[in-house]
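Next come the chains, spelled out residue by residue.
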Amino acid sequence: MADYLSLWWVWICIALALGVVELLAPGFIFLGFGLGALAMAGVVLLAPGINIPALLALFAVLSLIAWIILRMGFRKQSSGARIVTKDINDD
């Protein structure tokens, strides 16, 4: 079972599944994991001889980096809500 993690298309399937979970439960948590899995597909495709514990550790690091980048990117986005400081009925 663990040998499947050394196949690049398995990581693509994991990324797609995590993308679907992100659609069902939004919050940018699963999106970071999905981007990490997508990056792992590239890593496994370029370096197929990595052992399973190293793959899982690298997946954790790549997912954390993707999550941090997403948090920084979406933090700069404004919700567009205005803060009202004066009510029209206060006169």
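In this numbering scheme, every chain counts its residues from 1 along its sequence in written order. Given that the model is predicted, a residue must reach a pLDDT of at least 70 before its local features are reported, and side-chain atom pairs must reach 80 or more before they are shown or counted; all residues, however, enter totals for whole chains, interfaces and linings. Only hydrogens and water are removed before side-chain values are computed, so all heavy atoms of the structure are retained for them.

Per an unreviewed UniProt entry, the chain goes by the name NfeD-like C-terminal domain-containing protein and belongs to Sulfitobacter mediterraneus.

Asks: What's the story with helix 3 (residues 52–75) in this structure? I'm lost.
Replies: For an α-helix, the turn length of 3.6 residues means that residues three or four places apart are oriented alike. If you check helix 3, its first and last C-alpha atoms are 34 Å apart, about what 24 residues at 1.5 Å a residue would give, namely 34 Å. In this fold, the buried residues of helix 3 make contact with helix 1 (8–24) and helix 2 (29–46). Numbering goes from the N terminus for both helices and strands, where a helix is a DSSP run of H or I of at least four residues and a strand is a run of E of at least two. By definition here, a helix of n residues has an expected span of 1.5 Å times n minus one. In what follows, residue pairs with any heavy atoms lying within 4.5 Å of each other are defined as contacts.

Asks: Would you mind going over helix 1 with me for this structure?
Replies: In this model, helix 1 (17 residues) spans 25 Å end to end at C-alpha, consistent with the 24 Å of a helix rising 1.5 Å per residue. Exposure categories follow from relative accessible area, calculated using a 1.4 Å probe and restricted to protein chains: below 20% of the type maximum is buried, above 50% is exposed, and the middle band is partly exposed. Restricting attention to buried positions, one finds in helix 1 the residues Val10, Trp11, Ala15, Leu18 and Glu22. Considered in projection along helix 1, the buried side chains sweep an arc of 140° and stay on one side of the axis. Exposed and facing more than 90 degrees away from the buried side of helix 1 are Leu16, Leu23 and Leu24. Buried residues belonging to helix 1 abut helix 2 and helix 3. The arc in question is formed by the directions pointing from the helix axis toward the C-beta atoms.

Asks: Hey, could you run me through the environment of glycine 34 in this one?
Replies: Turning to its location among the elements, glycine 34 is positioned in helix 2. Along the chain, glycine 34 and valine 21 lie 13 residues apart, while their C-alpha atoms are 9.4 Å from each other. Beyond its immediate chain neighbours, meaning those up to four positions away, glycine 34 contacts Ala15 and Leu18.

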